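Geometric and topological summary
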Amino acid sequence: MAQKEEGRLAAGDHCYAGPEAVQVSPVPSCENHLQVSQRDVQQRIQDRQKYVKELQQEVEAINRSADQAVEDSEKIFTELIRLMEERRHDVKKQVRSQQQQEVGRVKELQNRKEKEIEELEKIDAEVEQLPPTEDHIQLLEKCLLSDPRHSSNIGIHPLRYFEDVAAVVSKLRDEVHDVLSEGWTDISVSLPAVILSEPEPKTRSEFFKYSREITLDPNTANTQLLLSEDNRKVMLMRERQGYSSHPDRFTYYGQVLSQESLTGRCYWEVDWGDGEGGVAVVYKNITRDGGEHESLFGRNDQSWMLYCNSDNYQFYHNTLVTPVSGPWSSRVGVYLDHTAGVLAFYSVSQLMTLLHRVQTTFTKPLYAGLRPCFYGTTAELCQLKETEVPSGIYSNE
């Protein structure tokens, strides 16, 4: 009998009520559990309803803000178009006015010359009719007074009266084009991330979603840098290379920037082989000449750089130098979330080890930068293949 009662109690612990267990106390406990579970479900429903309401409010706020931005932009562009139309009309009016003045001046001189021709033709006819013995003094005086060499002549110029106007307008068009192109980039960067942001990548495959094909810009390369492999690889040379002069070229430090600007989420990798140097992200307007820190990656507020060698890592930005610990690998991964202001460097081998992470605010598009530090050192922007490295990630911070 005791064994049966023990069996019923054990069953009651699992909310089982047999025919002889109607009076067993665990039954109300099961009801309480159901009530608690129901309250939890109801609370979750309320939480989600509140969240849905907040999302709807965010949608409405996004729509209002976007509508206002479009309306304001339309007004500004309409004003720009009106201003351009006014300038177009002004140029046309000035050209036509100058055209009338110049044509009038030329016509006046043309008429004067035609009259002089008529007078000379009369004199020529009179000379032919004179007898050989007649005194020619009076006639010669008339000839001298009517000599074209004593009258003003129009200055003869090459037929390029208004070509300079077209050249100036063409230059203005190019300048406006450049301003609008740069302005559009700034507008793109300033657009808010209204879509709920995704979490940062945690696996290799997630990083590959944001991989970028990046190439190096020969116009920025220091003259002692040799580019190869379709401008993905750079080597520091003793000899100067035959680059032409360019305002974007680094003239003192052995540095080079990417051709592509970087916004949004981007991921790329750099392989240093047996060498060492700096992996950087840089604003385009960094100083290009001189040996001061203004042009050196990581030593100003225009750039962020991780220096890599087989002994250690160091992170540089502005006046700060931060020692970074982590396993050495010849390959370094760089993850950028421009909108969120996140910059992270990884040591890439059998595992992706987080070396250093920066949280800041980026105000302009960034460019990838490389700085090999010793003669013969190479750095290569890797062509990523998802199968080449395992997906594990280890956080070192």
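Owing to the predicted nature of the structure, the values given are computational and were not obtained by experimental measurement. (Residues numbered from 1 in each chain as written. Predicted model: local features only at pLDDT ≥ 70, side-chain atom pairs only at ≥ 80, totals over all residues. Heavy atoms only, no water.)

When helices and strands are tallied, the protein chain shows 5 helices and 14 strands. Within the protein chain, buried positions represent 29% of all 397 residues. Of the contacts made within the protein chain by residues no fewer than 6 positions apart, 65% connect residues no fewer than 24 positions apart. Accessible area of the protein chain: about 26500 Å², with a carbon and sulfur share of 53%. (Helix = DSSP H or I, 4+ residues; strand = E, 2+ residues; numbered from the N terminus. Buried < 20%, exposed > 50% of the residue type's maximum accessible area, 1.4 Å probe, protein only. Contact = heavy atoms within 4.5 Å. Areas by Shrake-Rupley, 256 points an atom, 1.4 Å probe, with all protein chains shown as cover.)

Together, Ile76, Phe77, Leu80, Ile81 and Leu180 make up an exposed nonpolar region whose accessible area comes to about 490 Å². Top contributing element to the nonpolar patch by residue count: helix H2 (residues 26–129), with 4 residues. Tracing the backbone through its elements, the reader meets Ile81 in helix H2. Under the relative-accessibility criterion, Ile81 is labelled exposed at 54%. (Patch = residues over 30% accessible without salt bridge, like charges linked within 9 Å, V, L, I, M, F, W, Y side chains within 5 Å. Salt bridge = Lys/Arg side-chain N within 4 Å of Asp/Glu carboxyl O.)

The next thing to look at is the packing of aromatic side chains. Counted under the stated rule, the structure contains 10 aromatic pairs. Here the aromatic rings of Phe250 and Phe297 are separated by 5.6 Å at their centres, their planes lie at 90 degrees, and the arrangement is edge-to-face. Here Phe297 lies in the loop between strand S5 (277–283) and strand S6 (303–308) and Phe250 lies in the loop between strand S2 (233–236) and strand S3 (256–262), a separation of 47 residues in the sequence. The two residues Phe250 and Phe297 agree in class, both being buried. Ring plane angle 80 degrees and centroid distance 5.1 Å describe the contact between Trp304 and Phe362, whose orientation is recorded as edge-to-face. (Phe/Tyr/Trp six-rings, centres within 6.5 Å; stacked < 30°, edge-to-face > 60°.)

Below, the discussion takes up the pattern of salt bridges. Here the structure, examined in full by the defined rule, presents 16 salt bridges. As a salt-bridge pair, Glu71 and Lys75 come within 3.6 Å of each other at their nearest N and O atoms. Note that Glu71 and Lys75 are positioned in helix H2 at a spacing of 4 residues, about one turn of the helix. Close ionic contact of Arg265 with Asp337 constitutes a salt bridge, the shortest N to O distance being 3.0 Å. Here Asp337 lies in strand S9 (residues 331–337) and Arg265 lies in strand S4 (residues 265–271), a separation of 72 residues in the sequence.

This part covers the nonpolar core. Formed by 35 residues in total, the largest nonpolar core has its most connected members in Trp268, Trp304, Leu306, Leu343 and Leu370. In this structure, Leu343 is in contact with Val281, Trp304, Val334, Tyr335, Leu336, His356, Arg357, Val358 and Phe362, ignoring residues within four places of it in sequence. One finds Tyr267, Ala344, Val348 and Met352 within the second-largest nonpolar core, a separate group that totals 13 residues. (Core = buried A, V, L, I, M, F, W, Y, C linked by side-chain atoms within 4.5 Å.)

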